[in-house]
Amino acid sequence: MTTHEREITEPVDLCLPGGRLNPAAVGWTRRPLHRANLRGWGRAKRWEYWGIVTPGHIIGLVASSLDYAGVHGIYVLDRATGQETVRDAVVPFARDAALGTFGSAHVRGGGLSLDIEAESIRAVAPGVEVDVTVPLPPGHESLGVVVPWSTRRFQYTVKDLGRPARGTLRLGSSEHTVDGFAVLDHGRGKWPYAIRWNWAAGCGPGRAIQLGGRWTDGTGSTENGVFADGRLHKLGAELTWTYDRRDWLRPWRITGDGVDVTFHPFHERVARTNLLVVANETHQCFGHFTGWASLDDGARVDLDGLTGWAEEAYNRW
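Residues numbered from 1 in each chain as written. Predicted model: local features only at pLDDT ≥ 70, side-chain atom pairs only at ≥ 80, totals over all residues. Heavy atoms only, no water.

1. Structural notes on the layout of surface pockets
Then, in step 1: Estimates place the volume of the largest pocket at around 900 Å³.
Then, in step 2: Lining of the largest pocket is provided by 42 residues; of these, Val-62, Trp-197, Asn-280, Thr-282 and Asn-315 occupy positions nearest its centre.
Then, in step 3: Here the lining of the largest pocket is built from residues that sort into 21 nonpolar, 12 polar and 9 charged.
Then, in step 4: The space that makes up the second largest pocket amounts to roughly 160 Å³.
Then, in step 5: Pro-32, Phe-102, Leu-136, Asp-160 and Arg-163 are the residues nearest the centre of the second largest pocket, which is lined by 15 residues in total. (1 Å grid on protein atoms, 1.4 Å probe; cavity = no way out; pocket = protein on both sides within 12 Å on 5 of 7 lines; lining within 4 Å. Points joined across faces, edges and corners; volume = space filled by probe spheres on them. Nonpolar A, V, L, I, M, F, W, Y, C, P; charged D, E, K, R; others polar.)

2. Focus: the environment of Phe-93
Then, in step 1: Within the secondary structure, Phe-93 sits in the loop between β7 (84-92) and β8 (97-99).
Then, in step 2: Note: C-alpha distance between Phe-93 and Leu-66 (27 residues apart in sequence) is 7.9 Å.
Then, in step 3: The residues contacting Phe-93, other than those within four sequence positions of it, are Trp-41, Asp-67, Tyr-68 and Ala-69. (Helix = DSSP H or I, 4+ residues; strand = E, 2+ residues; numbered from the N terminus. Contact = heavy atoms within 4.5 Å.)

3. Side note on the pattern of salt bridges
Then, in step 1: A full pass over the atoms with the stated rule returns 23 salt bridges.
Then, in step 2: With its nearest N and O atoms 2.7 Å apart, the salt bridge here joins Glu-223 to Lys-159. Here Lys-159 lies in strand β14 (residues 154-171) and Glu-223 lies in the loop between β17 (207-213) and β18 (224-228), a separation of 64 residues in the sequence. Assigned by exposure class, Glu-223 and Lys-159 land together as buried.
Then, in step 3: With a closest N to O distance of 3.3 Å, Glu-312 and Arg-214 form a salt bridge. You can see Glu-312 sitting in strand β25 (residues 307-316) and its partner Arg-214 sitting in the loop between β17 and β18, a full 98 residues away along the chain. (Salt bridge = Lys/Arg side-chain N within 4 Å of Asp/Glu carboxyl O. Buried < 20%, exposed > 50% of the residue type's maximum accessible area, 1.4 Å probe, protein only.)

From the geometry alone we can't say anything about function, so treat these as descriptive.
Below is the structure:
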């Protein structure tokens, strides 16, 4: 095995009755098993993020509740021209935001609406509309993990990579076919006020790589794994991320026990929000991967040609 972490195989509550982290919830899963029974107000963060990659476009959709604000968005990159379409909404106190069980979100605000269910996504805003299905293939596994900063601060995340995505994208008067893959980032937790993280995800036929950094350091948990033919191989080591903040489009290196990955960006997306108490700065680069990662039996899976993203995000929330 390539991890020291405990695999959870039965359903479990994320929180104890008083709202603190349930020690039995700390570990990782191959399918969603945690019941995110968050209690209390103010530090709870809930979101569903879908990233969709096609030969012509990259689409990002987020529905979130930060308790005191709902932050939602639609992002589309035209890969041929580099043109970005961005529609964002910040809704005080997350009004008209319903983020329920795993993979479910319905939000409204600022002329934007997102309706997300387990296998379907619909997003509408002025000049852009996304309508896709993301079916779950038989035997498909995802990476769920609970990251414990303390009994009061913790995060449950699920990274589900390589789901097929089929449907339509409308930009203005143009309609485009969506035929690619999708990645889900499902999050429920109680976060510190300020946090910085790295995230990389890449997919290709029969292979995918999921890597995280910084925010999990020192917790004993990681969100690292490699997927081969839909099967998750958990990677437990903390990794070293090397990249140039002066030039985000230079290659990124992600290395450590069982991982040697280079990410080659072709486009940088910059997102900034500064609402005094709430602030965010994200540099999300889209590109291709080369390198390898280890499977449970020690064999290496070739990651050359995978497409996806790598990012650095800082949140004050």
